[in-house]
Amino acid sequence: MSSQSPPSLSNLLFNALKPTPIEPLQEEYDGLEFRYARFVFRPALFIFEGLLLGFIVLYGGAYLYASYSNSRRAQKWLKTHSELLSSQFSKPAQSSSLLTDGASDMFAFSTGRRNVQSLHTVFAFLPRHDLFQLLFTYGWIMYDLRYSPNDDVTLDFRLGPSGANAPGFVWAIVDKDELISIKKTRWDLTLTKTQENQTVPKACVVMSEVADVTETILKQSATAPFLAALSNNDVLKYFKSFSITDLPPTRPTGPMNASERERHVILSFKLPSSQSEMAKTVPLVKAAFGIIDSLENGRYNIRTESVRKLKTAREELDKELLKDATEEKSKDTEDSKRAAKRRAEEERLSKLSAEQQRKAMEKEKKKALRKGTAKVRMG
């Protein structure tokens, strides 16, 4: 009786790596096929793979085209406003300096001007690069009939240190169609009162903390060019909002010192589709610089009583923010204490025997039952 030797390691590896035999092609196939030497390709057998590949190509093509199109439109806007920006800033934003944050968000910076620390120009495009998100965006219109998706451009002027000498306030001119949506994204504007005003177009409203601020700004000669540009229907159809604020767009987590309150002038409007239409908004942007200079040079003389009201409002706001921050901190502390107590109890139980753990759990259940019964009786 001869003994059989065990298989060698090389044989085991060879058997494991040996490809499975190729099944013969189905001879009954009568569809389209492509042959090259020993290779045969039958498209009808790869319908799912073909559809998947086609979708990937379509999705990728849409992404690349939308990214390129959005970038071109943002560059056109910067090119259209390049003469104005070059006359205002020593380092103006250029089409070549456009920065991107994904395919639908782009921005550019301008610096080097008196009374303006910086200008942050933000382009927000519809998500054309993402077919699913684009369908959701337009589908949301069926749910919210007031929702109107657009390509937007926002000019955020951060004012210089000289503005710290002027009283801080929140004031804005807003298109009526944007009134609901802007309150959802701009916490600072929720502190204002909305009013109609004959000086601004009928399609707009004024939002202000104090009525005297509205009267002072609208009667100032530096505001006249802005109102004149806004009265043009070719400009008004793109206008969304213009605001002056010393508060952030989101609610702070605590009180803010006067030095922490950055003053901003923010102009937002829909981005025109063509370069000729973009040129129509140049007078509106130009007029914003005049308002900023008058604001920073102290030409807006607000009454002493109104300044006192604004100061009191800021003090009350800081008290409210401090109260909220204290309550939140106290809640976090209590949660941390309960979590630490629960961990200590779990650690204590883990050191007990199974019988002791069972008794401890029954004790806790009885204790919880007694608490529940007591609450029912009190109710």
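Quick caveat, the model's predicted, so the values are computed rather than measured. (Residues numbered from 1 in each chain as written. Predicted model: local features only at pLDDT ≥ 70, side-chain atom pairs only at ≥ 80, totals over all residues. Heavy atoms only, no water.)

### Regarding helix α6 (residues 211-219)
The set of residues buried in α6 consists of Asp 212, Val 213, Thr 214, Thr 216, Ile 217 and Leu 218. Tucked into the core, α6 has its buried residues touching β7 (171-175), β9 (204-208), α7 (224-230), β10 (239-245) and α11 (304-350). (Buried < 20%, exposed > 50% of the residue type's maximum accessible area, 1.4 Å probe, protein only. Helix = DSSP H or I, 4+ residues; strand = E, 2+ residues; numbered from the N terminus. Contact = heavy atoms within 4.5 Å.)

### Some remarks on the pairing of strand β4 (residues 105-110)
In summary, the side chains of a regular strand alternate between the two faces of the sheet. Of the two faces of β4, only the one carrying Met 106, Ala 108 and Ser 110 is buried; Asp 105, Phe 107 and Phe 109 on the other face are not. Remark: four residues form the turn of the hairpin made by strand β3 (residues 99-100) and β4, two consecutive strands paired antiparallel; Gly 102 in that turn has positive phi of roughly 90°. As defined by bridge partners, β4 adjoins strand β5 (residues 116-124) across six bridges and the pair is classed as antiparallel. Following the sheet pairing, Ala 108 is matched in β5 by Thr 121. The antiparallel hairpin formed by β4 and β5 contains five residues in its connecting segment, where Gly 112 sits at a positive phi of about 90°. (Pairing = 2+ DSSP bridges.)

### Some details on the environment of Tyr 147
Within the fold, Tyr 147 resides in the loop between α4 (131-143) and β6 (152-159). Judged by its relative accessible area of 32%, Tyr 147 is partly exposed. For the pair formed by Tyr 147 and Thr 137, sequence separation is 10 residues and the distance between their alpha carbons is 9.4 Å. Excluding its chain neighbours within four sequence positions, the residues that come into contact with Tyr 147 are Thr 137, Trp 140 and Ile 141.

### Section: α11
For α11, with 47 residues, the first-to-last C-alpha span of 69 Å sits near the 69 Å given by 1.5 Å per residue. Among all positions in α11, only Ser 306, Leu 310, Arg 314, Leu 317, Asp 318, Leu 321 and Ala 339 are buried. In the core, the buried residues of α11 are packed alongside α6. (Expected span 1.5 Å × (residues − 1).)

### Structural notes on a positive patch on the surface
Where like charges cluster on the molecular surface, the positive patch consists of Lys 341, Lys 363, Lys 366, Lys 367 and Arg 370. It is helix α12 (residues 354-378) that contributes the most residues to the positive patch, four residues altogether. By the element assignment, Lys 363 lies in helix α12. Residue Lys 363 is classed as exposed on the basis of its relative accessible area of 61%. (Patch = residues over 30% accessible without salt bridge, like charges linked within 9 Å, V, L, I, M, F, W, Y side chains within 5 Å. Areas by Shrake-Rupley, 256 points an atom, 1.4 Å probe, with all protein chains shown as cover. Salt bridge = Lys/Arg side-chain N within 4 Å of Asp/Glu carboxyl O. Lys, Arg positive; Asp, Glu negative; His and termini not counted. Charge placed at Lys NZ, Arg CZ, Asp CG, Glu CD.)

### What to know about unusual backbone geometry
For residues that are not glycine, phi is negative in most cases, and the peptide bond is trans in most cases. The backbone of Asn 115 sits at a positive phi, close to 75°, despite the residue not being glycine. Judged by relative accessible area, which is 11%, Asn 115 ranks as buried.

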